[in-house]
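Chains, contacts and geometry: an overview
Here are the chains, one letter per residue:
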Amino acid sequence: MESARTFTSALGDWREDHKSLTTSLADAVREAVLDGRISVGSPLPAERTLAAALGVSRGTVVAGLAELRDDGWLRTRHGSRSVVRLPPRLTERTAPWSVDRGQVAGATRIDLTAAVTAAPHGAYLAALERATGRCATLLVDSGTSTAGLPSLREAVADRYTRAGLPTRPDQILITSGAMAALHLLVDQLHDRRRPVLVEQPTFPGALAVLRGRRARMITSPVTADGWDLDRFAETVRTDRPGLAYVMPDFHNPTGAMMSAAARSRLAALDLPVVADETMRDLDLRLSPSPERHLTGPNVINIGSTSKVFWSGLRVGWIRASAARIRELLLNPLQPPLSPPPLEQLIADELLRDISSVLAERTAQLRAQRDHLVALLAGGDWTYTTPPGGLAVWLRLHHTTAAASTRRATRAGLMLSPGPTFAADRTLTHYLRIPFTATTDVLDHAGRILRESAGAPEAMR
Ligand SMILES: Cc1ncc(COP(=O)(O)O)c(C=O)c1O
C-alpha cells in the first residue's frame, strides 16, 4: 500500500457521524483489512502524506494508528513505516471472525448457524508457501482433473493404512470436499425405486444433496447415546433402502461415536453404506481412543480437510474399491467436482503437519466445549457433553426450536433449529449450539440462549 491515494480509496467513505474521527479511521482500516481491500503485510503511507490524503490533521492520523497498533493491527519497527497485520487474537483462534466479526467495534451479531472453524493460520500460510514452491512442475502439465495428485492420494491412503485400514492410492478419489464426494456417490448409487436411509438427525448438507435428487428418505434415530442397530437393521429389512448415509465418528449434530459392536453390525448389512468421516479427527476426549474406521465390502468412506484445516480449501475424498473409483472417474460430473491442483498441493502439505495442527485445534475446541457445557448447566433443556465434533445438541423442554431461534435472532444470536437436521423436518424441540466461538462470545450467546429458550423464571 505504497500510495496514500490507493490507501484512502481502499477505505472508501470512512467517516461515521456517531464516532470520533480517530475511531472512524481505525474501524475503517480494520474493516478494509478484513475485507482484503488492504493487504496484510503492506506498509502504510507516511503519516503526513496520509493526513493530507484523508483531509484530516496529522494528530488524527497519529491517534488512529496508535489505536490500531494497541489493538494489534499494525506492527511498527523503530524508525520504519507501520505494516498492516492481523491481531493475534484473530490468528490464534479457531473461531471464524465472521461468527462475531472479530469483535470489531460495533459487532453485536453472533452467527452460530454453521459449525465451522477458521484455518490454522500459521500452519496454513506455511503450507501455502511450501505448495507454491512445489507448483512449478504442475504448471508444465495441463492442470485438468484427475483422480487427484499422486502424492495427495498417497498421503490420504497412508492415513487410512496407519489407522488400521490398509488402503492403496488407487482406492482414493480426491474430490472438492466431502459434499462433492457425496454428490458423486449418490449419483452412482441412488436407485430411484428404493429409498435412502439417513440418520435422524443428520447433516443438512446431505439432506440437500438427497432432496436435490428427489430421493425418498427414511430415517433411523441417533441420540447422544448412539445408534439403535436393532431398529436400523429392521428398517433395512422392511423398507429395503438402496443406500444408507451415516456419520459413525462424532456424528453431526449429536457428537455421538458409534461403538465397535454397532460398526460390525452396520457393516454386515446388505446395502451400500456411505460413512461420512468428516468429523473423525475432532476427537475431544482427554485420552482419545479412536474406533476403527467403519469398514466392510459394502462400506464407502468419505472424508474432508474442512474440519481440521479449512472449509475454504475444498479438498475431500472417497475411499472405495479401486474398481468403484475407476467407475466414478467415468462420471462427467467428476472433473467439475475435483479441486484445483494447487489446492491439492496445499492439502498434501497440511496433511504432513496434521498432528501438530490437531493437537492445538482439539485443545482449543475442548476448552470451548467445556465452557459452553458449563454455561448450559441448569437450563431448561437436556444435553450430553459430546466427546468430539463441533456442537452440543440441545433438547428444549418447554419451548420449540422455531420460537427460541426467532427470539434469539432478535437478540443477535443466530442458530440452526432442529428441523434443519431432520429429513421429515421434525425434531422441533432441538437446537444445535456450536462451540466454534471464543469463550467470551459463548458467554454472550449463553445469556441470549437462556433468555430465548425458556429457562425457568427463577434461573433468569
Ligand atoms: C458430516 C459432515 N460432512 C460433510 C461436511 C461438509 O464437508 P465439505 O466442506 O468437505 O464439503 C460437513 C460440514 O459441516 C459435515 O459436518
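Not measured: the values here are computed from a predicted model.

1. With respect to the sheet that holds strand S4 (residues 172–175)
The strand order across the open sheet built from eight strands is S4-S11-S10-S9-S8-S5-S6-S7, with neighbouring strands paired in mixed fashion. Where the open sheet ends on each side, the last strands, each with one partner, are S4 and strand S7 (226–227). In this structure, strand S5 (residues 196–200) lies alongside strand S6 (residues 217–223), joined through five bridges in parallel fashion. Across the sheet, Glu199 pairs through a bridge with Ser220, a residue of S6.

2. Some points on helix H18 (residues 439–452)
In this model, H18 (14 residues) spans 19 Å end to end at C-alpha, consistent with the 20 Å of a helix rising 1.5 Å per residue. All of the buried residues in H18 are Val441, Leu442, Ala445, Gly446, Ile448, Leu449, Arg450 and Ser452. Taken from the residues just after H18, Gly454 is the one with a positive phi, measuring 75°.

3. Quick word on the environment of Arg263
Within the secondary structure, Arg263 is located in helix H13 (residues 260–268). Residue classification places Arg263 among the buried residues on the basis of a relative accessible area of 5%. In this structure the C-alpha to C-alpha distance between Arg263 and Glu277, which are 14 residues apart in sequence, comes to 13 Å. Ignoring any residue separated from it by four or fewer positions in sequence, one finds Arg263 in contact with Pro248, Asp249, Met257, Met258, Arg280, Glu291, Arg292, His293 and Leu294.

4. Digging into the pairing of strand S14 (residues 413–417)
Burial runs high along S14: four of the five residues are buried. As paired strands, strand S3 (residues 110–112) and S14 are joined by three bridges and run parallel to one another. Bridge pairing in S14 links Asp111 to Met414. Bridge analysis of S14 against strand S15 (residues 430–434) gives two bridges, and the strand direction is antiparallel. Counted as the bridge partner of Pro417 is Leu431 from S15.

5. Notes on the domain arrangement of the chain
Interfaces are often described in size by the accessible area the parts lose on coming together. Entries for the chain in the domain assignment read domain 1 (4–86), domain 2 (110–116 + 355–452) and domain 3 (123–354). Domain 1 and domain 2 are separated by 37 Å when their C-alpha centres are compared.

6. Considerations on the sheet that holds S14
The mixed open sheet is built from five strands, whose spatial order is S3-S14-S15-S13-S12. Two strands lie at the open edges of the sheet, namely S3 and strand S12 (381–382), each paired on one side alone. As judged from the two bridges shared by S12 and strand S13 (residues 391–396), these two strands associate in the antiparallel manner. Each residue of the ladder has a partner; that of Trp381, found in S13, is Leu396.

Each value, and the rule that gives it
Residues numbered from 1 in each chain as written. Predicted model: local features only at pLDDT ≥ 70, side-chain atom pairs only at ≥ 80, totals over all residues. Heavy atoms only, no water. Pairing = 2+ DSSP bridges. Helix = DSSP H or I, 4+ residues; strand = E, 2+ residues; numbered from the N terminus. Expected span 1.5 Å × (residues − 1). Buried < 20%, exposed > 50% of the residue type's maximum accessible area, 1.4 Å probe, protein only. Contact = heavy atoms within 4.5 Å. Domains from an automatic or database assignment.

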